[in-house]
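Results of the structural survey
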Amino acid sequence: MNILRVGDSAWAAVTKSSAFVFGLEAAGEDSRVVQWYWGPRLPDEALAEVVRQAPRRIHSGFHDPRDVDELLPVEGGARWGVPSLQVTYEGGVRSVELTFAEAVVSDSEIELVLRDPLGLRVGLHVRVASEVVERWVSLTNEGEHAVRLGRVDSGSWVIPERAGYRYTGVAGAWAQETQLHRAELAVGETTFTSRTGTTSHRANPWIMIDAGDATEELGEVWSVALAWSGSWRLTAQRRPEGDVAVTAGFGHDGPTWHLAPGESLLTPPVLGLRTCGGYGAASRAWHDYARHHVLPTPFEERPVLYNSWEATWFDVHEEGQIELARRAADLGVELFVVDDGWFGGRVDDRRGLGDWWPNPDRFPRGLSKLFDTVRELGMRAGLWVEPEMVNPDSDLYREHPDWVLHYPGRRRDTLRHQLVLNYGRADVREWAIGWLSGLVSEYGLDYFKWDMNRSFTQAGWPDAGERADLLWIEHTRGVYAVLDTLRERHPGLRIESCSGGGGRVDFGILRRTDEVWTSDNTDARDRQAIQEGYSYLYPACAMSAWVTDSPNPHTRREVPLAYRFHMAMAGALGIGGDLTRWSAEELEQARSLVAAYKAVRPVIQHGRLHRLAGDPGITASAVQYSHEDRVVVLAYNPFALAKRPPRRVRLAGLDPSAIYESAEGERWHGQTLMSHGLELPTWFIAGPDYRSEMVVLRRVSG
Ligand code: GLA
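All values derive from a computational prediction rather than experimental measurement.

1. Quick notes on the overall build of the protein chain
Scanning the protein chain from terminus to terminus reveals 12 helices and 38 strands. Seen through its C-alpha atoms, the protein chain measures out along the principal axes to roughly 80 × 70 × 40 Å. By sequence separation, contacts in the protein chain at least 24 residues apart represent 68% of the contacts at least 6 residues apart. Taken as a whole, the protein chain presents about 25500 Å² of accessible surface, with 49% of it coming from carbon and sulfur.

2. Observations regarding the site of the ligand
With respect to spatial proximity, 13 residues lie near the ligand, and among them Asp339, Asp340, Lys449, Gly501 and Asp520 are the closest. In this structure, an oxygen atom belonging to the ligand sits 2.9 Å away from a side-chain N or O atom of Trp384. Within the contact set of the ligand, an oxygen atom lies 3.0 Å away from a side-chain nitrogen or oxygen of Asp451. Protein contacts shield 96% of the accessible area of the ligand, which totals 310 Å² for the unbound molecule. Across the shell around the ligand, the residue classes break down as 4 nonpolar, 3 polar and 6 charged.

3. As for the environment of Leu180
Note on placement: Leu180 falls in strand β12 (residues 176-184). Note: C-alpha distance between Leu180 and Thr168 (12 residues apart in sequence) is 7.1 Å. With near-sequence residues (within four places) excluded, Leu180 lies in contact with Thr168, Gly169, Val170, Glu532, Gly533 and Tyr536.

4. So, the packing of helix α6 (residues 426-443) against helix α7 (residues 471-489)
Contact pair α6 / α7: the axes reach a minimum separation of 10 Å and the direction vectors enclose 35°. Crossing handedness for the pair α6 and α7: right-handed. Together, Arg429, Ala432, Ile433, Leu436 and Ser437 of α6 and Gly478, Val482, Thr485, Leu486 and Arg489 of α7 make up the contact between the two elements.

5. Considerations on the sheet that holds strand β36 (residues 667-669)
With antiparallel pairing, 6 strands are arranged side by side in an open sheet as β31-β32-β33-β38-β35-β36. Looking at which strands have only one partner, the edges of the open sheet turn out to be β31 (608-611) and β36. Neighbour-to-neighbour, the strand axes of this sheet turn through a mean angle of 25°, independent of strand direction. Sheet topology places strand β35 (residues 659-662) next to strand β38 (residues 691-701); 4 bridges connect them, and they run antiparallel.

6. A look at the packing of aromatic side chains
This model, assessed by the stated rule, comprises 32 aromatic pairs. Note on Trp286 and Tyr289: the rings are 6.0 Å apart at their centroids and 80° apart in plane angle, and the pair reads as edge-to-face. Linking Trp286 with Tyr289, this pair stays in helix α1 (residues 278-294), spanning 3 residues, or about one helical turn. Overall, Tyr289 belongs to the buried group, its relative accessible area being 0%. One aromatic cluster in this structure is built from Trp342, Phe343, Trp356, Trp384, Trp403, Trp431 and Trp435. The ring of Trp157 has Arg135 sitting right over it, with the charged end atom 4.5 Å from the ring centre.

7. Things to note about the sheet that holds strand β29 (residues 543-547)
Here we have 8 strands rolled up into a closed barrel, ordered β21-β22-β23-β26-β27-β28-β29-β30, and parallel in their pairing. Recorded for the sheet is a direction-independent mean angle of 30° between the axes of neighbouring strands. Both strand β28 (residues 515-517) and β29 contribute to a ladder of 2 bridges, which runs parallel. Among the inter-strand pairings, Trp517 is bridged to a residue of β29, identified as Ser544.

8. Digging into the side chain of Gln237
Along the polypeptide, Gln237 turns up in strand β16 (residues 232-238). Looking at Gln237, the relative accessible area reads 7%, which means it is buried. A polar contact of 3.0 Å, which involves the side chain of Gln237, links it to the backbone nitrogen of Val82. The contact partners of Gln237, leaving out residues within four places of it in the chain, are Gly81, Val82, Gly188, Glu189, Asp243, Val244 and Ala245.

About the cut-offs
Residues numbered from 1 in each chain as written. Predicted model: local features only at pLDDT ≥ 70, side-chain atom pairs only at ≥ 80, totals over all residues. Heavy atoms only, no water. Helix = DSSP H or I, 4+ residues; strand = E, 2+ residues; numbered from the N terminus. Contact = heavy atoms within 4.5 Å. Areas by Shrake-Rupley, 256 points an atom, 1.4 Å probe, with all protein chains shown as cover. Near = heavy atom within 4 Å. Polar contact = N/O pair within 3.5 Å; in protein donor to acceptor, adjacent residues only side chain to side chain. Nonpolar A, V, L, I, M, F, W, Y, C, P; charged D, E, K, R; others polar. Axes fitted to C-alpha atoms, helices over the stretch in contact; angles between N-to-C directions. Left-handed = near helix turned anticlockwise from the far one by under 90°. Pairing = 2+ DSSP bridges. Phe/Tyr/Trp six-rings, centres within 6.5 Å; stacked < 30°, edge-to-face > 60°. Buried < 20%, exposed > 50% of the residue type's maximum accessible area, 1.4 Å probe, protein only. Lys NZ or Arg CZ within 6 Å of the ring centre and 35° of its normal.

As structure tokens, this is what we get:
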């Protein structure tokens, strides 16, 4: 039982280590459903102690906002904070007035039903999944007139009162995704948002808040994340009165949604997680949640893949691909993925998107010869696709110019020479399922890299009339539906989510994909910060990471092969370099590093992550994965003596009294490794730039 009744109309959503207590503080025509407590798990009999059923009064009452502590503050009545729900009824009435109707409770889920006499039914849903409390909202128009919805968030969370507040989040840009930001939460409203129609590179839909005292290993942290892959908005509100609330939901400022009589709208889940044990414990709990409640294939080992993009760019031919496939197989690669350039008239980025058949000049025999060879070489077969896009220079666009997002009489701005297909349309979705499923069947494909390379502009849906703005939701749902159908039809198919690198990484897309492409930036040093930011929420098994050439094609930085490997080995290892130009020694070294990775793959992909000391990419740093009786430490030192690294790295999360043994037979107590640290070789400390090391320990007793 995860939902406990703790009062007349009070409930607690309990996890193993935390409790979220909420309920009805004031009934009647301006009902208040509030959060009373979000903290460590209390004994069941103590849960009622946090319930306060008299409305909160701060001062005299005449200026007191009613939205303090509410689960879904509405626009209406004495509420002046950020509304989580805005509705405009017939005649321009913008005041939502909710009366509590009933609670529908089961062991693991509760729905609190509220009704506005103007005809709106609002369901507040709460469910527990591992350490995470999932919340969402359902709206049904039970009235006789259409309503227009502004902000419809999935829920608001109150961060308990503390002396200070600090937030952690990630923001970035193309090739610079998931850069960690940590700062005091300013008084006022701090909003992270995407207006791109996708999750976006600019920010990722989550925030962590602590009292300013958390470290990597210590302290209470409250996190809120949204499981959604379209535009979104998350606002952390630090009121002048001192309290903090975080509201998050799909959509962004501007678009409004039409709900006709009888229609319903369901928000994506917003996820709340309260942990103790610093940012590290928060991340591990998120990874756990991803494994047990999000990813479709969490416990499968991700294959070592080869992707030809950086080797060939658009210069994709049967012969060249076969040559790369032979070399990749020789290194121990298990999945060969052909990237952009194999289809239609796609010889550069100006044409071809939408024409999903093999380019007859480049693949005169179709893709069968290539993929038969890939299979003979013992590898699985994968293909890059960008199903939401079309180039104006394509047969598809010539035939269906109305399929793209557009407004009649307005420009259709192209980005990377392409336009966005409207996945809100059933005909577009059917078309996509048809050819995607056809490719899987024809070539027995095992893998799609599903890309999405541009943001929305002129996001109109002329046929949809009043409902046009719904495309911001319906496009994403349409993509989800196509992905879900494909997986259903082809249970063996695995899918990687990509969006110009890491532009679509979130718990919504991870529900139907197996990996995400973290960034187009494959420079091993830049990757350190990108991978660190990624690791705050998402697990290593889903973090696609490639070893590419040196100098790196994006940054021209030269980094030794071992360092590039060790960086990519911290996730789902791939190789993306031009193997025809690697020397015999490099190929030999790569072969042994691939083998080393495979030997520890379950530890890295399924293990518990500890980010050890260091500032990734700037100073020496290390990550540790522990799984069953094994521990893998990947240590990196990007610079020579100028930034002298510590001589030892202190491990974390070990059994203090157990004995751990290295491959060379050296033994230590867990406590020694955690308190004194693991000594790193001298060459790691004093040597040229970019030194890295992988240490594997096995627990041998205790
Ligand atoms: C995007 C992806 C890359 C590659 C190219 C192909 O930029 O992020 O990995 O697939 O598209 O055009």
